[in-house]
Amino acid sequence: MRKNTKVVDPRFSKGKGDYEKVIFSIEKEGKCPFCPDNFRYHKHPVLKRRGDWFITKSSWPYLNARLHLVLIKNSHKESVRELNVNDMKDILFLVKWASGEFKISGGGLAMRFGKTAHTGATVCHIHAHLIVPKRRKSVSFPIG
């Protein structure tokens, strides 16, 4: 990761209680919360690893999510242009694993990438969300 680079964007954490406090703390520290040497804000263990990716439960799941998992790349990348075919294979492997492990019969997979001003992401480090909504409920995944 480049020095003096923004690692989080607190604009999109406003009004989210504990999460907002954590994001402001990370911004002040200036170290990426998803990079291995600073992965201490996360509340759950890594469930499975594949290649340069791992999957874990979200520490701050979206409203109406029955299950919210996050897939995170070990090495710091921010753009899909920095990913390769093996990254996508690893993501697919982990999603398939989670689908069996958690008996997921339906859900959504979403990934924001690039400048947070365009995506609405709070963490700049590329990651994906595997979200399973509660029955008959909608989960809002903001982009932009």
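Everything below is about the structure printed above this text.
Residues numbered from 1 in each chain as written. Predicted model: local features only at pLDDT ≥ 70, side-chain atom pairs only at ≥ 80, totals over all residues. Heavy atoms only, no water.

### Let's talk about the nonpolar core
Grouped together as the largest cluster of nonpolar side chains are 15 residues, with contacts concentrated most on Trp53, Ile55, Leu69, Leu71, Ala98, Ile104 and Leu130. Mapped by element, the contributors of at least two residues to this core are strand E2 (53–57), strand E3 (65–73), helix H2 (85–101) and strand E5 (127–133). The dominant element in this core, judged by the number of residues it contributes, is H2, at 4 residues. What leucine 71 contacts, discounting residues up to four positions off in sequence, is Trp53, Phe54, Ile55, Ile91, Leu94, Val95, Leu109, His127, Ala128 and Leu130. Within the second largest apolar cluster, 14 residues are counted, among which are Val7, Tyr19, Ile23 and Cys32. (Core = buried A, V, L, I, M, F, W, Y, C linked by side-chain atoms within 4.5 Å. Buried < 20%, exposed > 50% of the residue type's maximum accessible area, 1.4 Å probe, protein only. Helix = DSSP H or I, 4+ residues; strand = E, 2+ residues; numbered from the N terminus. Contact = heavy atoms within 4.5 Å.)

### Some thoughts on the sheet that holds strand E1 (residues 46–50)
Read across the open sheet, the 5 strands follow the order E1-E2-E3-E5-E4; overall the sheet is antiparallel. Two strands in the sheet have a free side with no partner beyond their single neighbour: E1 and strand E4 (108–112). Recorded for the sheet is a direction-independent mean angle of 20° between the axes of neighbouring strands. Examined bridge by bridge, E3 and E5 share 7 bridges and lie antiparallel to one another. (Pairing = 2+ DSSP bridges. Axes fitted to C-alpha atoms, helices over the stretch in contact; angles between N-to-C directions.)

### Focus: the packing of aromatic side chains
A complete count under the given rule lists 5 aromatic pairs for this structure. Here the aromatic rings of phenylalanine 34 and phenylalanine 39 are separated by 6.4 Å at their centres, their planes lie at 55°, and the arrangement is tilted. Geometrically, the ring pair formed by tyrosine 62 and phenylalanine 141 is edge-to-face, given 5.7 Å between the ring centres and 85° between the ring planes. Remark: phenylalanine 141 occurs in the segment after E5 and tyrosine 62 occurs in the loop between E2 and E3; sequence separation between them is 79 residues. We classify tyrosine 62 as buried; its relative accessible area is 18%. Members of the aromatic cluster, connected to one another through ring pairs, are Phe34, Phe39 and Phe54. (Phe/Tyr/Trp six-rings, centres within 6.5 Å; stacked < 30°, edge-to-face > 60°.)

### Overview of the side chain of aspartate 9
Within the fold, aspartate 9 resides in the segment before helix H1 (18–29). Sequence-distant contacts of aspartate 9, defined by excluding residues within four places in its chain, comprise Ile23, Thr116, Ala117, Ala121 and Thr122.

### Some details on H2
Each α-helix turn comprises 3.6 residues. Residues three or four places apart therefore point the same way. Over its 17 residues, H2 extends 24 Å from the first C-alpha to the last, a length consistent with the 24 Å expected when each residue adds 1.5 Å. All of the buried residues in H2 are Asp87, Asp90, Ile91, Leu94, Val95 and Ala98. Within H2, the buried residues cover an arc of 135° as seen down the axis, which keeps them to one side. Those residues of H2 that are exposed and aimed more than 90 degrees away from the buried face are Val85, Lys89 and Lys96. Buried residues belonging to H2 abut E1, E2, E3, E4 and E5. Sitting at the amino-terminal end of H2 is asparagine 84, which places a side-chain oxygen 2.8 Å from the backbone nitrogen of asparagine 86. In the stretch just after H2, lysine 103 is the one whose phi turns positive, near 50°. (Expected span 1.5 Å × (residues − 1). Arc of directions from axis to C-beta. Polar contact = N/O pair within 3.5 Å; in protein donor to acceptor, adjacent residues only side chain to side chain.)

### Points about H1
A rise of 1.5 Å per residue sets the reference length of H1, with its 12 residues, at 16 Å; its end C-alpha atoms lie 17 Å apart and thus fit the reference within 8%. Along H1, the positions that sit buried rather than exposed are Tyr19, Val22, Ile23 and Ile26. Buried residues of H1, viewed axially, fall in a sector of 100°; they line one side. Across from the buried face of H1, at angles greater than 90 degrees, the exposed residues are Lys21 and Lys28. The positive-phi residue at the C-terminal boundary of H1 is glycine 30, with phi of around 80°.

The analysis is restricted to geometry; functional conclusions fall outside its scope.
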